[in-house]
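Residue strings, one per chain:
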Amino acid sequence: AVAHKAIIGGYNKIRNHFGMSRISLAGAQASLEDTEFLQSVVDQVDEGRREYYAMAQSLGLSAIASATNFVAFDLGSGDRARAALKALEARGVFVRMPAVEPMDRCIRVSVGLPQERAAFREAFEAVLKEI
């Protein structure tokens with residue numbers, strides 16, 4: 001949508017954040033039909049997950065095995081996970097936190113591109129020292 005900031009702000013409060021336009025659906029369909037491209041994405045996500053598992057281990061944390069494009073880092077307690085979530089958001093790093101026990105002690109991070117993973121690692125290491 002193209003509109004005034006105030007209108008977009010209101011719209012963002014109620015819209016489906018996972019909604020997709022017809023153009024994005026057409027692009028998704030085309031990418032699914034391109035098996036070489038699809039395999040390269042699967043390989044890149046797998047590489048990113050492995051990088052996150054190694055990161056967790058190097059930071060003295062555990063990461064929950066995943067078959068998706070995100071990894072959950074177990075921070076040991078809900079309070080610590082909430083503190084990490086807030087501190088990361090303050091640095092402009094968007095992560096999610098499951099709300100239901102026992103997963104509420106984790107933060108969930110999308111694999112992303114190599115430069116995004118490097119930026120996450122830098123921010124996450126600083127946050128862990130801080131909290």
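The structure this text deals with has already been given above.
Engineer: Would you mind going over a nonpolar patch on the surface with me for this structure?
Structural biologist: On the surface, Leu32, Leu38 and Val42 cluster together into a nonpolar patch covering about 250 Å² of accessible area. By secondary structure assignment, the location of leucine 32 is in helix H2 (residues 22–33). The exposure class of leucine 32 is exposed, given its relative accessible area of 51%.

Engineer: Can you help me understand the sheet that holds strand E2 (residues 70–74) in this one?
Structural biologist: Working definition: the strands of a sheet are paired by backbone hydrogen bonds and lie parallel or antiparallel to each other. Taken together, the three strands give an open sheet; going across it, the order is E1-E2-E3, and neighbouring strands pair in antiparallel fashion. Both edges of this open sheet fall to strand E1 (62–64) and strand E3 (106–110), since each of them pairs with a single strand only. Ignoring strand direction, the axes of neighbouring strands in this sheet form an average angle of 35°. Direction of pairing for E2 relative to E3: antiparallel, over a ladder of five bridges. Note that in E3 the partner of valine 71 across the bridge is valine 109.

Engineer: Would you mind going over the pattern of salt bridges with me for this structure?
Structural biologist: Side-chain pairing between opposite charges can occur once the charged atoms of the two side chains come close. Evaluated as defined, the whole model comprises eight salt bridges. Arginine 117 is the partner of glutamate 47 in a salt bridge, and the nearest nitrogen-oxygen pair spans 4.0 Å. Of this pair, glutamate 47 sits in helix H3 (residues 35–58) while arginine 117 sits in helix H5 (residues 114–130); the two residues are 70 residues apart in sequence, bridging distant segments of the chain. Looking at glutamate 47, the relative accessible area reads 42%, which means it is partly exposed. Residue arginine 117 is classed as buried on the basis of its relative accessible area, which comes to 2%. Notably, a salt bridge pairs glutamate 130 with arginine 91, separated by 2.8 Å at the nearest N-O pair.

Engineer: I would appreciate a short explanation of the packing of H3 against H5 in the present structure.
Structural biologist: If you want to describe how two helices pack, look at the angle between their axes and the distance between the axes. Interhelical geometry of H3 versus H5 gives an angle of 15° and a closest axis separation of 11 Å. Relative to H5, the element H3 is oriented roughly parallel. In this structure, H3 crosses over H5, and the sense of that crossing is right-handed. Residues Gln44, Glu47, Gly48, Glu51, Tyr52, Met55 and Ser58 of H3 pack against Arg117, Phe120, Arg121 and Phe124 of H5. Counted by class, the contact of H3 with H5 contains four nonpolar, three polar and four charged residues.

Cut-offs and rules
Residues numbered from 1 in each chain as written. Predicted model: local features only at pLDDT ≥ 70, side-chain atom pairs only at ≥ 80, totals over all residues. Heavy atoms only, no water. Patch = residues over 30% accessible without salt bridge, like charges linked within 9 Å, V, L, I, M, F, W, Y side chains within 5 Å. Areas by Shrake-Rupley, 256 points an atom, 1.4 Å probe, with all protein chains shown as cover. Salt bridge = Lys/Arg side-chain N within 4 Å of Asp/Glu carboxyl O. Helix = DSSP H or I, 4+ residues; strand = E, 2+ residues; numbered from the N terminus. Buried < 20%, exposed > 50% of the residue type's maximum accessible area, 1.4 Å probe, protein only. Pairing = 2+ DSSP bridges. Axes fitted to C-alpha atoms, helices over the stretch in contact; angles between N-to-C directions. Parallel < 35°, antiparallel > 145°, perpendicular 65-115°, else oblique. Left-handed = near helix turned anticlockwise from the far one by under 90°. Contact = heavy atoms within 4.5 Å. Nonpolar A, V, L, I, M, F, W, Y, C, P; charged D, E, K, R; others polar.

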